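Notes for the structure review
So you can see what is in the structure, the chains are spelled out below.
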Amino acid sequence: MGNSLKAIVAFVPSNKCQKYLLEDLEEMPVDKMVDLSGRQLRRLSLHICSFRELVKLYLSDNNLNHLPPELEQLQNLQILALDFNNFKALPLVVCTLKQLCILYLGNNKLCSLPLELRLLQNLKTLWIESNCLQYLPEVVCELSLLKTLHAGSNALRTLPPQLQCLQELRTIWLSGNLLSEFPPVLLNMPFLEVIDVDRNSIRFFPSLAHLPGLKLVIYDHNPCRNAPKVAKGVRRVGRWSEETPEPRKRSGAVIDITPDEKPLLPPAAKTKPE
């Protein structure tokens with residue numbers, strides 16, 4: 001089915017047209033997964049909400065801006081992908097899905113997150129990249145099992161000190177924000193393994209050598225005067241990454257050292273990890 005035809009049919013609310021978009025999905029698949037990504041959907045069919053044993057639901061790359069309250073019936077749902085849609089606010093019904101482990105909200109128009117998000121105490125992965133966040137909502141700091149936080153490509157200028165309460169957090173992606181200094185709270189999180197602050201406005205990096213769990217720090221594309229000091233065996237990606245923390249000088253001129261090839265950023269939304 002061509003995308004143009006899907007787009008036309010998506011405007012028609014009749015059950016017949018919606019069934020056409022769902023491509024005759026009448027029964028829950030054996031693998032308990034439904035992938036409706038890229039279907040030009042403007043609303044979620046209530047028929048999907050009847051699949052009460054559903055574990056994975058992918059709704060990426062549609063035209064959704066709300067979800068039906070009947071979604072609450074999917075109490076076994078563990079993975080929900082809502083990225084690349086038109087959400088200006090997270091539908092509160094999402095916060096009733098207490099078995100969620102992975103939630104993708106990237107590439108929407110979110111300026112905040114509801115306090116009810118704290119109800120998702122099984123959440124381990126949260127993607128909120130490419131939204132309109134000017135600050136990291138403090139409710140994120142209440143997700144005690146969170147292991148991966150991707151908050152890149154927003155307008156963050158700082159991080160809340162409460163973030164250090166997330167003692168299960170191992171990976172934090174903050175590339176493409178407005179950080180003018182390395183977030184102090186990260187210095188108090190010895191359990192972090194990956195820190196990405198690529199493409200910010202950080203001019204000076206404090207030492208990270210005291211973080212015993214650190215394995216990788218990405219600090220490229222910052223107007224920094226130094227590279228962060230790290231413990232032996234920790235990989236750095238950025239200026240002078242293969243040198244001492246200070247740049248080499250020759251006749252008063254700073255020589256940039258070409259960094260290793262940057263490792264891949266988190267996988268694209270259409271190839272999500274579990």
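What you see is a predicted model; the values in this text were computed from it and never measured. (Residues numbered from 1 in each chain as written. Predicted model: local features only at pLDDT ≥ 70, side-chain atom pairs only at ≥ 80, totals over all residues. Heavy atoms only, no water.)

1. Structural notes on the packing of aromatic side chains
Tallying each qualifying case throughout the model produces three aromatic pairs. With a centroid separation of 5.3 Å and an interplanar angle of 70°, the aromatic rings of Tyr104 and Trp127 are classed as edge-to-face. Of this pair, Tyr104 sits in strand 4 (residues 102-104) while Trp127 sits in strand 5 (residues 125-127), and the two are 23 residues apart along the sequence. By relative accessible area, which is 5% here, Trp127 ends up buried. (Phe/Tyr/Trp six-rings, centres within 6.5 Å; stacked < 30°, edge-to-face > 60°. Helix = DSSP H or I, 4+ residues; strand = E, 2+ residues; numbered from the N terminus. Buried < 20%, exposed > 50% of the residue type's maximum accessible area, 1.4 Å probe, protein only.)

2. Quick word on the side chain of Asn63
Along the chain, Asn63 falls in the loop between strand 2 (56-58) and strand 3 (79-81). One polar contact links Asn63 to Gln40, side chain to side chain, over a distance of 3.2 Å. (Polar contact = N/O pair within 3.5 Å; in protein donor to acceptor, adjacent residues only side chain to side chain.)

3. Focus on the sheet that holds strand 9 (residues 216-218)
Overall, parallel pairing links the 10 strands, which are arranged 1-2-3-4-5-6-7-8-9-10 in an open sheet. Each end of this open sheet is capped by a strand with a single partner; those strands are strand 1 (33-35) and strand 10 (235-237). Between one strand axis and the next, the sheet turns through 5° on average, direction left out of account. (Pairing = 2+ DSSP bridges. Axes fitted to C-alpha atoms, helices over the stretch in contact; angles between N-to-C directions.)

4. Some details on the pattern of salt bridges
For the structure shown, the criterion picks out four salt bridges. In this structure, Glu142 and Arg118 form a salt bridge, with 2.8 Å as the shortest nitrogen-oxygen distance. One end of the pair, Glu142, is in the loop between strand 5 and strand 6 (148-150); the other, Arg118, is in the loop between strand 4 and strand 5, and 24 residues separate them in sequence. Residue classification places Arg118 among the partly exposed positions, given a relative accessible area of 33%. With a shortest N-O distance of 3.9 Å, Lys215 and Glu193 are connected by a salt bridge. One end of the pair, Lys215, is in the loop between strand 8 (194-196) and strand 9; the other, Glu193, is in the loop between strand 7 (171-173) and strand 8, with 22 residues separating them in the sequence. By relative accessible area, Lys215 is classed as exposed at 52%. Residue Glu193 is classed as partly exposed on the basis of its relative accessible area of 26%. (Salt bridge = Lys/Arg side-chain N within 4 Å of Asp/Glu carboxyl O.)

In short, shape yes, function no, at least from these values alone.
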